[in-house]
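# Structural characterization, general
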Amino acid sequence: MITEEELDNLIICKKCHTLHKRVPLSENKKAFCSKCDILLYQNSTNTLDRTLALVIAAAISLFITFKFTIITINIQGLEQSLTLYALFMVILEQQQYIVGMMFIFLIVIFPITIISSMLILLTLMKFKKGKYLTQRLLILLAHVRPWSMVDIFFISLLVAMVKLFDYAYIELGVSFIALIFTLILDIIITKNISFYELWDLHRKIYGKIDE
Amino acid sequence: MNRKLDYVRCHICEAVNYVDDTNRKCRRCHESITHDLRLSYHKTLAFLITAIIFYIPANIYPILISKQFGKTSSNTIIGGVIHLWDAGSYPIALIILLASVFVPLLKFILIIYLLISAKYNLHSSKLDKHKLFYITEVIGPWSMVDVFVVIILSVLVHFSGVQIYPGEGATAFGLMVFFTMLSALSFDPRLINHQKGDSSNANS
Ligand SMILES: [Zn+2]
Ligand SMILES: [Zn+2]
């Protein structure tokens, strides 16, 4: 029978499902899959503090993204802005409930859920409190993560702007810049911390989870 | 009944577990990891069929309807791509064509291929199948681009004289992407691993 410690030293690549043995890495070194070169794990110091700082920044920029105007178009003196409020109003008015709900969940609710869960999770882990809550948050994050589509929203926004370019004068709002920041921060956060390591850290801080 | 032990990656906490095929909970996060493979197979198939059904209205019905001073015109996905191509926006036309037409089709074909090879033990590289599955999972959500574009346009082009609405095609398309994602999420990677010699797991 294989012991827990031996299993803890194994990792399966998320892309090709090849089984790897973890070897101790020196500081700031990374380990890649031997078959498909994807990042497996890394050894970085202060992961918790650094990621928490990034998540706080991401929370602020996400808040700004949804609070203010993303872009404004001007067609022969008539203006219309893309804001969260305008989005709700148009969905209600046009009665596009299915597409509207999908959009709001994928672009607004899930990203907010992810960032606020990360914020609570990392803060609690930093102060070594809330064993059960942190465990539930980690599980929630695993379920919600595939459903956040802010990056796809940004590309869609660029496509929409190209389509409008010939007819309208386009003005970028504060939230457009905030959206770019949110995306960059999201990429850095994903690069910084893996859920494999967060669970590892969880066990180191709180001990084993009871049945 | 198959009792072969295998290394399984928990889909929640990513821990490696060494378990047999009975219902097991992950040793680290206590979420269940080894569901019935047959259930995973049928869920994947059911969601996939639903997605394919939605793919038809998604392409037939207009995704975008525009009203200009009482005059209504509508565009299907393909119509929109042709429109963009004619207008000279080649990169955008290609993005929409790839994201809205090819990515969903690719995903359908790949999931069907994976299901067939799980059921009939096709001899093919497990490594390649895992990689292909991973790639389609990553590119899958990008199919939403066209639906998002239509919603953004409907919010912005909202004047008394000129208006843009999402058409029925947009709803069908959104649901199609939703069910394709559910299908991929229901697919247990062990269906790829268990193909040789233990067909009892995947056969219905
Ligand atoms: Zn790999
Ligand atoms: Zn687990």
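Residues numbered from 1 in each chain as written. Chains lettered and ligands numbered in written order. Predicted model: local features only at pLDDT ≥ 70, side-chain atom pairs only at ≥ 80, totals over all residues. Heavy atoms only, no water.

### What about the overall build of chain B?
Here is the rule we go by: Secondary structure elements follow DSSP: runs of H or I no shorter than four residues count as helices, runs of E no shorter than two count as strands, and numbering proceeds from the N terminus. As defined in this context, the radius of gyration uses C-alpha atoms, and a globule is described by 2.2 Å times the residue total to the power 0.38. We call two residues in contact when some of their heavy atoms are within 4.5 Å. The protein chains shown are the only cover counted for residues, whose accessible areas, like all others here, come from Shrake-Rupley with a 1.4 Å probe. Neither His nor the chain ends contribute to the count of charged residues, in which Lys and Arg are positive and Asp and Glu negative. A charge is said to be at NZ when it belongs to Lys, at CZ for Arg, at CG for Asp and at CD for Glu.
When helices and strands are tallied, chain B shows seven helices and five strands. Going from the N terminus to the C terminus, chain B shows its helices and strands as β-β-α-β-β-α-α-α-α-β-α-α. Over its C-alpha trace chain B gives a radius of gyration of 21 Å, far above what one expects of a compact globule, namely 17 Å for 204 residues. With respect to the principal axes defined by its C-alpha atoms, chain B has extents near 70 × 35 × 30 Å. Long-range pairs, those at least 24 residues apart, make up 61% of the contacts in chain B between residues at least 6 apart in sequence. Accessible surface, chain B: about 9,000 Å² in total, of which carbon and sulfur atoms supply 64%. Counting 18 positive and 13 negative side-chain charges, chain B places the averaged centre of each group 4 Å from the other.

### A look at the pairing of strand S3 (residues 29-32) of chain A
Residues and elements named next belong to chain A. Our working rule: Strand pairing is assigned whenever DSSP identifies at least 2 bridges connecting the two strands.
Across four bridges, S3 lies against strand S4 (residues 39-43) in antiparallel orientation. Bridging from a neighbouring strand, lysine 30 pairs with glutamine 42 of S4. Between S3 and S4, which pair antiparallel one after the other, the connecting turn spans six residues, and aspartate 37 there sits at a positive phi close to 65°.

### Quick look at helix H5 (residues 131-144) of chain A
Going by this rule: Multiplying one less than the number of residues by 1.5 Å gives the expected span of a helix.
In this model H5(A) runs 20 Å from its N-terminal to its C-terminal C-alpha over 14 residues, within 8% of the 20 Å that 1.5 Å per residue would give. In this structure, the buried residues of H5(A) make contact with helix H4 (97-126) and helix H8 (195-206) of chain A.

### Some remarks on the packing of H4(A) against helix H6 (residues 168-186) of chain B
As a reminder, the rule being used: The convention used is that axes are lines fitted to C-alpha atoms, helices contributing only their stretch in contact, and that angles between N-to-C directions extend from 0 to 180 degrees. Angular relationships are summarised with four words: roughly parallel below 35 degrees, roughly antiparallel beyond 145, roughly perpendicular across 65 to 115, and oblique for the angles in between. Note on convention: the crossing is left-handed when the near helix lies turned anticlockwise from the far helix by less than a right angle, right-handed when the turn is clockwise. Side-chain classes follow a simple rule in which Ala, Val, Leu, Ile, Met, Phe, Trp, Tyr, Cys and Pro form the nonpolar group, Asp, Glu, Lys and Arg form the charged group, and the remainder, Gly included, forms the polar group.
Two elements in contact, H4(A) and H6(B), have axes whose closest approach is 8 Å; the angle formed by their N-to-C orientations is 45°. Considering the angle they form, H4(A) stands oblique to H6(B). Of the two elements, H4(A) crosses H6(B), and the hand of that crossing is left-handed. Touching A:Ile98, A:Val99 and A:Met102 of H4(A) are B:Ala170, B:Thr171, B:Gly174, B:Leu175 and B:Phe178, all from H6(B). The class makeup of the residues in the contact of H4(A) with H6(B) is six nonpolar, two polar and no charged.

### Looking at the coordination of the zinc ion (ligand 2)
Residue and element names in this part refer to chain B. How we decide: Each metal site lists N, O and S donors within 2.8 Å (3.2 Å for Na, K and Ca). With water left out of the atoms, a site can look as if it is missing ligands. Here a site with four donors is tetrahedral if all angles are between 85 and 135 degrees, and a site with four or six donors is square planar or octahedral if opposite donors are over 155 degrees apart and the other angles are between 65 and 115; anything else gets the irregular label. Buried, partly exposed and exposed residues are distinguished by accessible area as a fraction of the type maximum, computed with a 1.4 Å probe on protein chains only: under 20%, between the cut-offs, and over 50%, respectively.
Coordination sphere of the zinc ion (ligand 2), protein contribution only: Cys10 (SG), Cys13 (SG), Cys26 (SG) and Cys29 (SG), at 2.2 to 2.4 Å. Classification of the site at the zinc ion (ligand 2) rests on its four donor atoms, whose angles at the metal span 101 to 116°, yielding the label tetrahedral. Here the donor residues of the zinc ion (ligand 2) share one chain and are spaced in sequence as C-x2-C-x12-C-x2-C. Of the two residues, cysteine 10 is situated in the loop between strand S1 (6-9) and strand S2 (16-19) and cysteine 26 in the loop between S2 and helix H1 (37-60); the sequence distance between them amounts to 16 residues. Each member of the pair, cysteine 10 as well as cysteine 26, is classed as buried.

### Here we look at the sheet that holds strand S6 (residues 78-81) of chain A
All names here are of chain A. Taken in spatial order, the three strands make up an open sheet running S6-S5-S7, and their pairing is antiparallel. Unpaired on one side and paired on the other, S6 and strand S7 (169-172) mark the two borders of the sheet. The average undirected angle you get between the axes of adjacent strands in this sheet is 20°. Strand direction decides the pairing type here: strand S5 (residues 71-75) and S7, joined by four bridges, are antiparallel. The residue bridging asparagine 74 from the neighbouring strand is tyrosine 169, located in S7.

### Structural notes on the coordination of the zinc ion (ligand 1)
Residues and elements named next belong to chain A. Protein coordination of the zinc ion (ligand 1) is provided by Cys13 (SG), Cys16 (SG), Cys33 (SG) and Cys36 (SG), with donor distances spanning 2.3 Å. Around the zinc ion (ligand 1) sit four donor atoms; with metal-centred angles ranging over 105 to 115°, the donor geometry is tetrahedral. In primary-sequence terms, the residues that donate to the zinc ion (ligand 1) follow C-x2-C-x16-C-x2-C. Taken together, the residues span a long stretch of sequence, with cysteine 13 in the loop between strand S1 (10-12) and strand S2 (19-21) and cysteine 36 in the loop between S3 and S4 at a distance of 23 residues. With respect to burial, cysteine 13 and cysteine 36 carry one shared label: buried.

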